[in-house]
Amino acid sequence: MFYSFLLFAGSLGLLLRNVYGTVSPYRDSGDLIAAAASLGIAHPPGYSLYVLLTHIGIQCLPFGNIAYRANVLSCLWTSLTVVLVFHILRKISSAGPALLAVSVWFLSPSVQRLSIVSEMYSLHALLCAVIFYLLLERKAMAAMFAVGLAFFNHPTVVFMLPGILAMEWAIREEKGFEKIKPFSFYAAALAAGWTLVLYYPLRSFRSPELDWGGASASFRNLWRLVTRADYGGLKLHPEESSFAWTAGGIWDQISLFIKSEWRELSWVGIPLLFIGLFLRRNSVPKDMRRLSGVTFVLSGPLFFILSNLPVHEETTLPILEPYLLMSNLFLLPWLAVGAEKLKTAVWPALALVLLFFAVKTPPHRNDFSAYDYGRNILKTMPLGSSLYEPDDTTAFVMSYLQSAENRRRDIAVLMTLRTKWGSDLIVKKYPYLLKGSSFSNAQEFISALLAQHVRQNIPLFSDHPGKFPSSLPNYNEGLMTRAGTPTPEIFDSAQSIFNFYVERGNSFIEKEPEFFTRHLLSRRSAALNNIGITYQQFKDFPKARDRFMESLARDPKLTQAWVNLGLNSYTQNDFLMAESTYLDAVRRLPQSGQIQYYLGLAQRRAGKRIEARASLEKALALVPGHADAMNELGLTYLDDSMHAEAAARFEKCLDINPKFVPAQYNLGLTLRAAGKNKEAAQAFENYLRLDPNASDKFQVQSWIRQLQR
């Protein structure tokens, strides 16, 4: 009992020290809090168990804002998991090794990160531990019922089913039908837990504020909600996650998993794991081995392989990290028996060392980045505005502010436009937009929606300029992009909104250790960069430079801001200043082929052709298919009348991209200058075929006639 109290109080105290004081920037937190606060239906697959338990918990906790209370519940779930897992491990080891093993799990980066935000993963770990405990207590019926319920907190609980079946089959001593018979009862218990699916159509029928999927409309809608059919299905990332079963791809994913495990289990957990697996394997009972081993393989390495995210992308590990809470939970029996091999004095010493490093982690109590971002969006948008197709980061913090804090309900959030239930929901929630209209497809609906905003002059915003169709002009207004065409005076006046923004805490992206916080902070850097581009278009170069400098002060690794800062001098024919800017950028981002290309561009215009060649060669080494760099490299040789070298580069450029019009034209010029009239005429004819409406068409035709004489 003493150890249980110590573990619960210690783990809860540490987590409460670090917990976010309001909505966090972590992935789906805002949406889940909003769904729990309003008893709605969260984004697919809905997470009904999390929503219900969090709603109850929010009502019971008497202190703090709604987001803080939801975050505190995550701390509570993890603390309960620690105690329960400790009791599970005590079945196979003494108290010290069990304490050390559970400390390795609790103090791992993924557990520490997910236990202080409003996500379903800490509750998922608790439910997995409950199921594990019930099975060891030979309460299989209760365990299967818990699996059914847990599915509606997070569906990856199904990875436990093969291990459960293998464990139960092995321990059944009956023969024939008598051995099979209990499994029908297990299926019934599982189905009983799955009746929680009824929450979706029943709650959707009452038209809650958050009603992802429109489950009450049809069984098809319910099925697509539960299976995430409109949200990527099994894919963790709709664009990047693809199921490619190749030997190289599988090895890459396994290597990524090993790298993740080293980061999670650290120099303490990995040796203990190896000792447990290879020296004390039989100290773990067979039934526990079957359950833990099968579940770990399915929820850990196999899940990484199935996800198949690009291993070198910065987003991959943050996306996969939450799934390590479950998989690593089932490694703890081997860590515990491995720790039994250590001397008694070593157990508490290692636990204290782990705790020391965990306490050094900076708390997130004063991280208001997501909350301030959402409030600044609200300040940007006038009364009665619409927010068009926001990213999850924007949409979910807006969900929280509108549903949980009752702020700015006048703003229409237009999302999930390409689904039938999504368009129906928008027409129902905002009848003033398209009342009484019907549409045959999503594109027709979106076109009518945008046209209505233009016709009624409804302020229309998005969180990225690329969201609007090319036919709809737009411009930056603070953090947002607004539909419309401004004059320089209107645009300049719009940027005064920055004077009303609040941004507490760290705004320098390089100094921020959390990926999702960096991602959110980068939105202001990107907005400043886009504002600078518009000032460039208005020929207000001093203000453009100021915006690019502000952007880079926040994010010194924002490639596009460096490019635009250099172009700000380049377009004013100050090529030496442009070169100086790009040299600074290269020192910051030596692996950027794009910056090397623009450096070469500036150096060539400054008359530094040797330096330009070196820079362009580096650009091509970094990005071998960079057609613009190859074309520019050819021009540096043409400038020095090195016709053979120039022609070779233009030909390589056309190998890279046969439709690259400038290279075809430059090849004609080079061959003409080299006296190769026949080849030059052919090159110019190819140029006109590629661009039959070229502005210099008649001049080129005249050259062709001369060259063919």
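Relevant structure appears above.
Remember, it's a predicted structure, so these values are computed and weren't measured experimentally.

(A) Structural context of the pattern of salt bridges. Using the criterion set out here, one finds 29 salt bridges in the structure. Lys-91 is the partner of Glu-137 in a salt bridge, and the nearest nitrogen-oxygen pair spans 2.6 Å. With Glu-137 in the loop between helix H7 (121-136) and helix H8 (140-150) and Lys-91 in the loop between helix H4 (66-89) and helix H5 (95-106), the pair connects residues that are 46 residues apart, well separated along the chain. Residue Lys-91 is classed as partly exposed on the basis of its relative accessible area of 42%. For Glu-617, the salt bridge goes to Arg-649, with nearest N and O atoms at 4.0 Å. With Glu-617 in helix H31 (residues 609-622) and Arg-649 in helix H33 (residues 643-656), this residue pair connects regions lying 32 residues apart in the sequence.

(B) Looking closely at the packing of H7 against H8. Interaxial distance between H7 and H8 falls to 8 Å at its minimum, and their mutual angle equals 165 degrees. For the element pair H7 / H8, the angle class is roughly antiparallel. The chirality of how H7 crosses H8 is left-handed. Residues Leu-127, Ile-131, Leu-134 and Leu-135 of H7 touch H8, and the partners they reach there are Ala-140, Ala-142, Ala-143, Ala-146, Val-147 and Ala-150. In terms of residue class, the contact of H7 with H8 is made up of 10 nonpolar, no polar and no charged.

(C) Representation of the sheet that holds strand E3 (residues 460-462) in the model. Read from one edge of the open sheet, 5 strands run E2-E1-E3-E5-E4, paired in mixed fashion. Both edges of this open sheet fall to strand E2 (412-414) and strand E4 (474-477), since each of them pairs with a single strand only. On average, adjacent strands in this sheet sit at an angle of 30 degrees to one another, irrespective of strand direction. Note: strand E1 (residues 386-388) against E3, 2 bridges, orientation parallel. What sits directly across from Leu-387, in E3, is Phe-461.

(D) Here's a closer look at unusual backbone geometry. A cis amide bond links Pro-44 with the next residue in sequence, Pro-45, at an omega value of 10 degrees. Locating Pro-45 in the fold gives a position in the loop between helix H2 (29-38) and helix H3 (48-60). Of note, the phi angle at Asn-406 is positive, near 60 degrees, even though the residue is not glycine. Looking at the element boundaries, Asn-406 is found in the loop between helix H21 (392-404) and E2.

(E) Region of interest: helix H13 (residues 247-278). Its 32 residues place the ends of H13 only 27 Å apart at the C-alpha level, less than the 46 Å of an ideal helix rising 1.5 Å per residue. At Ser-266, H13 is deflected by roughly 105 degrees, the largest bend along its length.

(F) A look at the environment of Ala-553. Residue position: Ala-553 is located in helix H27 (residues 541-554). Look at Ala-553 and you get partly exposed, because its relative accessible area is 45%. Each C-alpha atom, one on Ala-553 and one on Val-413, is 32 Å from the other, the two residues being 140 residues apart in sequence.

(G) Examining helix H24 (residues 442-456) more closely. Between its first and last C-alpha atoms H24 spans 21 Å; for 15 residues at 1.5 Å apiece the expected length is 21 Å, and the two agree. Here H24 has its buried residues at Phe-445, Ile-446, Leu-449, Leu-450, Gln-452 and His-453. End-on, the buried residues of H24 take up no more than an arc of 155 degrees, which puts them together on one face. Exposed residues pointing more than 90 degrees away from the buried face of H24 are listed as Gln-443, Val-454 and Arg-455. With a side-chain oxygen lying 3.2 Å from the backbone nitrogen of Gln-443, the N-terminal cap of H24 falls on Asn-441. Two residues or fewer past H24, Asn-457 is found with a positive phi of approximately 60 degrees.

(H) Representation of the packing of aromatic side chains within the structure. The final tally for this structure, using the stated rule, is 31 aromatic pairs. The interplanar angle of 65 degrees and the centroid separation of 6.4 Å between the aromatic rings of Trp-212 and Phe-396 together place this pair among those described as edge-to-face. With Trp-212 in the loop between helix H11 (199-205) and helix H12 (219-226) and Phe-396 in helix H21, this pair connects stretches of sequence that are 184 residues apart. Residue classification places Trp-212 among the buried residues on the basis of a relative accessible area of 8%. Between Phe-257 and Phe-304 the ring centres are 5.0 Å apart and the planes differ by 80 degrees, which places this aromatic pair in the edge-to-face class. Residue Phe-257 is found in helix H13, and its partner Phe-304 is found in helix H15 (residues 301-307); the two are separated by 47 residues along the sequence. Here Phe-257 and Phe-304 have matching classes, each one buried. One aromatic cluster in this structure is built from Phe-151, Phe-152, Trp-194, Tyr-199 and Tyr-200. Arg-504 extends its terminal NZ or CZ atom over the ring of Phe-368, reaching a point 4.0 Å from the ring centre.

Conventions we followed
Residues numbered from 1 in each chain as written. Predicted model: local features only at pLDDT ≥ 70, side-chain atom pairs only at ≥ 80, totals over all residues. Heavy atoms only, no water. Salt bridge = Lys/Arg side-chain N within 4 Å of Asp/Glu carboxyl O. Helix = DSSP H or I, 4+ residues; strand = E, 2+ residues; numbered from the N terminus. Buried < 20%, exposed > 50% of the residue type's maximum accessible area, 1.4 Å probe, protein only. Axes fitted to C-alpha atoms, helices over the stretch in contact; angles between N-to-C directions. Parallel < 35°, antiparallel > 145°, perpendicular 65-115°, else oblique. Left-handed = near helix turned anticlockwise from the far one by under 90°. Contact = heavy atoms within 4.5 Å. Nonpolar A, V, L, I, M, F, W, Y, C, P; charged D, E, K, R; others polar. Pairing = 2+ DSSP bridges. Expected span 1.5 Å × (residues − 1). Bend = angle between axes of the 7 residues up to and from the residue. Arc of directions from axis to C-beta. Polar contact = N/O pair within 3.5 Å; in protein donor to acceptor, adjacent residues only side chain to side chain. Phe/Tyr/Trp six-rings, centres within 6.5 Å; stacked < 30°, edge-to-face > 60°. Lys NZ or Arg CZ within 6 Å of the ring centre and 35° of its normal.

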